[in-house]
Amino acid sequence: MLSTISISSRQRTELIDITSEVQKAVNNSQILDGICVIYTPHTTAGITINENADPDVRRDIIAGLLHLNFEKVDFSHMEGNSPAHVKSSLIGCSETIIVENGKLLLGTWQGIYFCEFDGPRQRKVLVKILKG
Amino acid sequence: MLSTISISSRQRTELIDITSEVQKAVNNSQILDGICVIYTPHTTAGITINENADPDVRRDIIAGLLHLNFEKVDFSHMEGNSPAHVKSSLIGCSETIIVENGKLLLGTWQGIYFCEFDGPRQRKVLVKILKG
Amino acid sequence: MLSTISISSRQRTELIDITSEVQKAVNNSQILDGICVIYTPHTTAGITINENADPDVRRDIIAGLLHLNFEKVDFSHMEGNSPAHVKSSLIGCSETIIVENGKLLLGTWQGIYFCEFDGPRQRKVLVKILKG
């Protein structure tokens, strides 16, 4: 069962909570036990799992990556978005979550985030649920 | 088949070898071929795979992350553990390993580590094995 | 279905495109829908997904990691390749990609790369396809 989530990012760098859309994809699959793979087919974006309670944590992840100062590196790629490509490889473009009794087995404080590193853009996230 | 590994971390930052517990979960599942998903439901921790021979490598991964100096960033989140949240997103909260003939297909020098970034705490790791 | 890709890296640090070899493994599996797990059993290497069009992006990912300056950290491990171990944990040793109609669901600009951080060496990558 494959689902697609469409995302319109509005800022250059942004973490967008997609937890409820991913849970909806799990519901639609009618798979009760297995795993859920969340995958973004873009090279200047990523998927991460982190705190869903205090929105400051989202800002702090962006601040932490900004602190690494990739913006000052003398990169070769001419489009000017090399820092976004590097962040994409560090964060990764997918996450895998266990599903039990039809629910994503996220921790109490975990949410799933689409990470925009080169927005604003139209983006998508693929969600595949495997029974097992 | 879903298993839970309980962990009591003893330091603020620590890599704890969970390879044998994960292999035990594979044994208990009686699944011979497939994949094993190792997932920690915490937002200031992670799962990584790295060298299991020289314990210095574990210390060096911690030293490498410390070198990135997230501790000096002026973060927004008030709990003071933002560096741990950033490290969690960089390392990631899960790993997926291939299983063949009932064994995790780890390399000769690979071990599986729970990464504590905000300890000491009581933690858990979920292990799901899928047949295939 | 498990396949092995053999790689001879030629430089100390290098990103090697393995997309077509992984797609061949998917073809050989005759699995049309499911997921594909790409795993490298080495502790000074990694697997990442990033741009396949401009080869400069590959160089920029290497430059981005070099910019983090792990080479200047006073590490404990005596082999002198601790920066490679740290990069391996940051990039990760596996990726999971969705398969539909027998094709890897990569984005238009995505390729799969084996990341050599301590070459030149003989390396391998395992590819497992799960139906579902």
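Here, the structure is the one placed above.
For clarity, every value in this text was computed on a predicted model and none was experimentally measured. (Residues numbered from 1 in each chain as written. Chains lettered and ligands numbered in written order. Predicted model: local features only at pLDDT ≥ 70, side-chain atom pairs only at ≥ 80, totals over all residues. Heavy atoms only, no water.)

Engineer: Describe the sheet that holds strand E2 (residues 14-17) of chain A, naming the residues involved and giving the relevant values.
Structural biologist: Residues and elements named next belong to chain A. Within the open sheet, the three strands sit side by side as E2-E7-E4. Their pairing is antiparallel. Of all strands in the sheet, those with a lone pairing partner are E2 and strand E4 (45-51), marking the two edges. Across the sheet, the mean angle separating the axes of adjacent strands is 35° when strand polarity is ignored. Contacting E2, E4 and strand E7 (110-116), helix H2 (residues 55-67) runs over the sheet at an angle of about 145° to E2. (Pairing = 2+ DSSP bridges. Helix = DSSP H or I, 4+ residues; strand = E, 2+ residues; numbered from the N terminus. Axes fitted to C-alpha atoms, helices over the stretch in contact; angles between N-to-C directions. Contact = heavy atoms within 4.5 Å.)

Engineer: Which residues make up H2 of chain A, and what values do they have?
Structural biologist: For H2 of chain A, built from 13 residues, the straight-helix expectation of 18 Å at 1.5 Å per residue is met to within 8% by its first-to-last C-alpha distance of 19 Å. All of the buried residues in H2 of chain A are Asp56, Val57, Asp60, Ile61, Gly64 and Leu65 of chain A. The inward-facing, buried residues of H2 of chain A abut E2, E4 and helix H3 (82-91) of chain A together with helix H3 (82-91) of chain B. Immediately beyond the C-terminal end of H2 of chain A, within one or two residues, lies asparagine 69 of chain A, with a positive phi of roughly 60°. (Expected span 1.5 Å × (residues − 1). Buried < 20%, exposed > 50% of the residue type's maximum accessible area, 1.4 Å probe, protein only.)

Engineer: With reference to specific residues and values, describe the relation of the copies chain B and chain A.
Structural biologist: Least-squares fitting of chain B to chain A yields an RMSD of 0.0 Å, with the transformation described by 0.0 Å of translation along the axis and a rotation of 120°. Look at the turn and shift together and you get a three-fold axis relating the two. Scanning chain B for the C-alpha nearest the rotation axis identifies leucine 90 of chain B, at a separation of 3.5 Å. An asymmetric contact is evident, with only 16% of the interface residues of chain B recurring at the interface of chain A. (Least-squares fit on C-alpha atoms with pLDDT ≥ 70 in both.)

Engineer: Can you explain the packing of H2 of chain A against H3 of chain B? Please cite residues and give values.
Structural biologist: Think of two packed helices as two axes; the pair is described by the angle between the axes and how far apart they sit. For the pair H2 of chain A and H3 of chain B, the least separation of the axes is 9 Å and the interaxial angle reads 70°. The angle between H2 of chain A and H3 of chain B places the two elements in the roughly perpendicular class. Here Val57, Asp60, Ile61, Gly64 and Leu65 of chain A of H2 of chain A lie close against H3 of chain B, whose contacting residues are Ser82, His85, Val86, Ser89 and Leu90 of chain B. Residue composition of the contact of H2 of chain A with H3 of chain B, grouped by class: five nonpolar, four polar and one charged. (Parallel < 35°, antiparallel > 145°, perpendicular 65-115°, else oblique. Nonpolar A, V, L, I, M, F, W, Y, C, P; charged D, E, K, R; others polar.)

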